[in-house]
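Chains, contacts and geometry: an overview
Below, each chain spelled out in residue letters.
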Amino acid sequence: NATLVAENTLLRSETVRLEEAAAERDMLAELLDFRRENYEHTYLTAKVIGQDPTAFLRFLILNQGTTNGVQRGMPVVTRAGLVGIINEATPLASKVLLVNSAQMAVNVRLQRSRATGVLFGQASSDMRLRFVPLDADLQAGDIAVTSGLGGTLPAGIAVGKVASVRSRAYDVFQEAEVIPVVDFISMEIVLIISEFIPTDLDPLLGTQEPGTQ
């Protein structure tokens, strides 16, 4: 009986190990497909090894750091879309500020109408879309992708889906509640866009036009 119990325990342990290996293989296969479809970037695969311990998930810790080239400002994505940006990095780990954090503001373009706006993180898990022109066609269900404006992120990465719209005739802009396209809670493996370095546009925006004083 003792031998059978030991063998049964070993089999259960092996089953758990194989199921975990299969789950990780499936996640890696999805990310590999994403890399093939979005070959214009260079990616570094990273595992989630820590997260914000509070009820409001605002950051993740990854197992890749400066030793492997990770730098502040690099975008972090999954197949679903934008996770956030690298906020801090040590030699062996890095911290991702999630896109729904109150510290984040992302320039976006609405995929259907091509109107632009800015997505802000807020206290809830959702985001607030602001600065959309009143005459823009903004509807629930619209997908917001990074616009590339400002030079802080590559263009064309899905960020969120419009849940509801607020538009009043006396306002200057429309606003909307937006749900992130990424499920932060269940995230285990992500991709860091490792060749992207944010561009500082301030020197150019402050440059006078030729002939002006």
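Read on for a plain summary of the structure. Source: prediction; values computed, not measured.

About the thresholds
Within each chain, residues carry numbers counting from 1 in the order of the written sequence. pLDDT decides what is reported in this predicted model: residues at 70 or higher carry local features, side-chain atom pairs at 80 or more are listed and counted, and totals for whole chains, interfaces and linings draw on all residues regardless. By convention in this description, side-chain values take in all heavy atoms of the structure and omit both hydrogens and water. The way it works is that DSSP assigns letters per residue, a run of H or I at least four long becomes a helix, a run of E at least two long becomes a strand, and they are numbered from the N terminus. Classification of residues uses two cut-offs on accessible area relative to the type maximum, computed with a 1.4 Å probe and protein chains only: under 20% is buried, over 50% is exposed, and between them is partly exposed. Residue contacts follow a heavy-atom distance rule, with two residues in contact if any of their heavy atoms lie within 4.5 Å. With residues, only the protein chains shown are counted as cover, and all accessible areas are computed by Shrake-Rupley using a 1.4 Å probe. A positive count includes Lys and Arg, and a negative count includes Asp and Glu. His and the chain ends are not counted in either. Every charge is mapped onto a representative atom, which is NZ of Lys, CZ of Arg, CG of Asp or CD of Glu. Whether two aromatic rings pair depends on their centres lying within 6.5 Å, for rings of Phe, Tyr and Trp, where Trp uses its six-membered ring; planes under 30 degrees apart make the pair stacked, over 60 edge-to-face, and the rest tilted.

**Quick notes on the overall build of the chain**
- For the chain, the helix and strand inventory stands at 2 helices and 12 strands.
- Each helix and strand of the chain, placed in order from N terminus to C terminus, yields the pattern α-β-β-β-β-β-β-β-β-β-β-β-β-α.
- Projected onto the principal axes, the alpha-carbon positions of the chain cover approximately 90 × 40 × 35 Å.
- The proportion of buried residues among the 213 residues of the chain is 38%.
- Once local pairs closer than 6 in sequence are excluded, the contacts in the chain between residues at least 24 apart make up 57%.
- Looking at the chain as shown, the accessible area adds up to about 12,300 Å², and 55% of this sits on carbon and sulfur atoms.
- Considering the chain, the positive charge centre built from 18 side chains and the negative charge centre built from 25 side chains are found 2 Å apart.

**Re the packing of aromatic side chains**
- In the structure shown here, the tally under the stated rule is 2 aromatic pairs.
- Centre to centre, the rings of Phe120 and Phe131 are 6.2 Å apart; their planes meet at 70 degrees, and the pair counts as edge-to-face. You can see Phe120 sitting in strand E7 (residues 116-121) and its partner Phe131 sitting in strand E8 (residues 127-133), a full 11 residues away along the chain.
- For the ring pair Phe131 and Phe173, a centre distance of 5.5 Å and an interplane angle of 90 degrees mean the geometry is edge-to-face. On the criterion of sequence distance, the pair formed by Phe131 in strand E8 and Phe173 in strand E11 (residues 173-180) is long-range, its members being 42 residues apart.
- Taken together, the ring pairs in this structure connect Phe120, Phe131 and Phe173 into an aromatic cluster.

**Points about the environment of Phe59**
- On the secondary structure map, Phe59 appears in strand E2 (residues 59-62).
- Considered as a pair, Phe59 and Asn8 are 51 residues apart in the sequence and their alpha carbons are 40 Å apart.
- Phe59 has contacts with Gln51, Asp52, Pro53, Lys95, Val96 and Leu98, leaving out every residue within four places of it along the chain.

**A few points about the environment of Lys161**
- Within the secondary structure layout, Lys161 lies in strand E10 (residues 158-166).
- It is 21 Å that separates the C-alpha atoms of Lys161 and Val96, two residues lying 65 residues apart in sequence.
- In this structure, Lys161 is in contact with Gly141, Asp142, Ile143, Glu177, Val178, Ile179 and Val181, ignoring residues within four places of it in sequence.

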